[in-house]
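These are the residues of each chain, in order.
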Amino acid sequence: MAGNQRDGFSSKLGIIVATAGSALGLGNIYRFPCEAGANGGGAFLIVYLGIALLIGTPLMISEFVIGRRARSNPLGAFRRIEGRSRSPWSAVGYLGVVCAFLILAFYTTVAGWTLGYLGKAAAGHFSGQGLEQIQQQFADFTGHAWLPLVCQMAFLALTALVVVRGVKDGIERYSKILMPMLLAIMLVLCIKSLTLSGAAEGLRFFFWPDFSKINGQVLLSALGQSFFSLSIGMGALITYGSYIGRSDNMVSSAVSVTLADTLVAVLAGIIIFPAAFTFGIQPEAGASLAFTTLPMVFQQMAGGYAFCLLFFVLLVIATLTSTISLLEVIAATLTEELRMSRARAVVVGTLGTAVIGMVATLSLRPDSPLRLGGSTAFDLLDHLTALYLMPIGGLLIVLFVGWRMGRADVMDELSNGGTLPLGLRRGIVLVVRYLAPVAIAIIFVSQLVG
Ligand code: PHE
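Residues numbered from 1 in each chain as written. Predicted model: local features only at pLDDT ≥ 70, side-chain atom pairs only at ≥ 80, totals over all residues. Heavy atoms only, no water.

Right, let's get into the site of the ligand. Among the 16 residues in the neighbourhood of the ligand, the closest are listed as Ala-23, Gly-27, Tyr-107, Phe-228 and Ser-231. At 2.8 Å from an oxygen atom of the ligand is found a main-chain nitrogen or oxygen belonging to Gly-27. One of the side-chain nitrogen or oxygen atoms of Ser-231 is found 2.9 Å away from a nitrogen atom of the ligand. When isolated, the ligand has an accessible area of 320 Å², and the protein chains bury 100% of it. The pocket occupied by the ligand, as judged from atoms lying within 2 Å of grid points, is the largest cavity. Here the residues of the shell around the ligand sort into eight nonpolar, eight polar and no charged. (Near = heavy atom within 4 Å. Polar contact = N/O pair within 3.5 Å; in protein donor to acceptor, adjacent residues only side chain to side chain. Areas by Shrake-Rupley, 256 points an atom, 1.4 Å probe, with all protein chains shown as cover. 1 Å grid on protein atoms, 1.4 Å probe; cavity = no way out; pocket = protein on both sides within 12 Å on 5 of 7 lines; lining within 4 Å. Sits in = over half its atoms within 2 Å of the grid points. Nonpolar A, V, L, I, M, F, W, Y, C, P; charged D, E, K, R; others polar.)

Here we come to the layout of surface pockets. The computed volume of the largest pocket comes to approximately 450 Å³. Those elements giving two or more residues to the lining of the largest pocket turn out to be α2 (26-38), α6 (131-143), α10 (216-230) and α16 (377-404). By residue class, the composition of the lining of the largest pocket is 12 nonpolar, seven polar and five charged. (Points joined across faces, edges and corners; volume = space filled by probe spheres on them. Helix = DSSP H or I, 4+ residues; strand = E, 2+ residues; numbered from the N terminus.)

To continue, consider a nonpolar patch on the surface. On the surface, a cluster of nonpolar side chains totalling about 240 Å² of accessible area is made up of Leu-53, Val-255 and Leu-259. You can call Val-255 partly exposed: its relative accessible area is 35%. (Patch = residues over 30% accessible without salt bridge, like charges linked within 9 Å, V, L, I, M, F, W, Y side chains within 5 Å. Salt bridge = Lys/Arg side-chain N within 4 Å of Asp/Glu carboxyl O. Buried < 20%, exposed > 50% of the residue type's maximum accessible area, 1.4 Å probe, protein only.)

Summed over all chains, the structure comprises five cavities of 30 Å³ or more. Of the volumes computed, that of the largest cavity is approximately 130 Å³. Lining the largest cavity are 14 residues, and of these Ser-22, Tyr-107, Phe-228, Ser-231 and Leu-326 sit closest to its centre. Of all elements in the fold, only α1 (12-23), α5 (90-123), α10 and α14 (304-337) reach the threshold of two or more residues within the lining of the largest cavity. A per-element tally of the lining of the largest cavity places α14 first, with three residues. Of the voids in this model, the second largest cavity is the one considered here, and its volume is about 50 Å³. Looking at the lining of the second largest cavity, its residues break down into eight nonpolar, one polar and no charged.

Purely geometric stuff here, so don't read any function into it on its own.
This is how it looks when you write it as structure tokens:
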């Protein structure tokens with residue numbers, strides 16, 4: 001069985017680093033501020049924090065449990081645990097792989113922008129520019145006839161190059177030093193943002209919860225955002241879980257990753273909202289929010305050119321470690337299920353993504369016909385995956401671990417064969433069985449009701 005020769009992470013730090021690499025990315029720095037801005041700021045933040053910590057962490061642990069138990073890609077994992085060649089639960093695996101394709105498709109659109117912005121930062125395009133010019137640059141770049149496509153394909157090719165080399169060399173090595181560097185530069189940016197004239201207003205928007213703003217839509221957006229940001233509900237962490245060693249502590253790893261991911265999202269908010277209020281950018285600006293506020297902040301800083309360049313280098317890398325984890329889901333599935341060579345699996349996955357990805361990118365052109373009822377193909381892919389496929393996948397995963405897998409097997413995984421204390425771990429099982437599925441179901445229903 002291919003499972004016997006599977007690659008693996010070399011250490012506990014390896015899992016944390018690789019999972020954090022998957023989790024940290026555009027979801028934190030680009031999508032989180034977008035969603036928080038569109039959904040009432042502080043109210044969204046509170047709901048988001050609750051969901052990430054209470055549902056996100058146990059779901060992440062559940063994916064690790066499935067992955068390590070089965071030592072398989074998401075498609076094979078359910079079959080293996082069920083011990084049957086066919087199982088209806090495999091549908092969860094299929095859902096995950098389809099989701100990986102769809103996310104990768106629109107994610108690489110924005111990933112391409114980060115490459116483009118890296119180029120702009122290097123060329124000094126932002127220095128001395130006013131808000132209108134910076135906004136125009138965003139519109140010109142994203143609406144350009146071919147540049148965003150070229151950047152997207154370049155990003156996809158970069159991802160493919162790393163994934164071909166396999167898990168340990170490819171994924172672990174890059175993340176270890178670069179993620180802490182990203183955190184450091186974000187701290188510097190925070191300090192700068194906090195000194196801007198609109199800081200108080202921005203912080204009030206981001207932290208002060210107006211509970212009247214919470215409705216079904218806000219709940220679902222927060223749920224989708226937390227799943228998206230933590231890379232859960234679609235099998236990426238089942239795949240990474242399958243590379244975790246027998247003696248690694250997956251509970252503490254999941255807690256560390258959730259905390260780090262949440263911290264980076266909150267830092268992004270502390271950077272972006274004070275800046276938005278200072279420069280007069282609407283918090284609901286959507287896709288352009290991060291890409292206009294950040295260059296404006298850099299302009300106000302001593303050494304702004306160097307900081308801006310370094311920031312975009314690190315953002316490209318943080319994004320790359322996320323796209324790697326998405327392509328890895330596809331590559332692991334194709335190699336193990338269809339017995340393709342790794343290289344061929346990566347080529348097939350990359351080409352498939354490139355086709356859908358192109359549609360996503362072209363749909364953002366101002367004159368594009370690739371729209372449905374006012375939404376672009378890009379938005380549709382984003383909503384379909386984050387608001388529907390990931391929460392549904394997440395619900396099925398916690399139901400599987402909570403109710404379908406044997407309790408003894410789950411405890412065995414959680415406690416590393418009884419070598420780790422059971423206390424807290426019993427609580428996790430309760431959350432996975434009751435709290436998480438009920439909460440996800442309620443959020444779904446509340447959103448339908450309005
Ligand atoms: N979590 C990543 C981010 O925040 C995106 C992602 C989603 C990666 C799903 C893998 C799987 O940028």
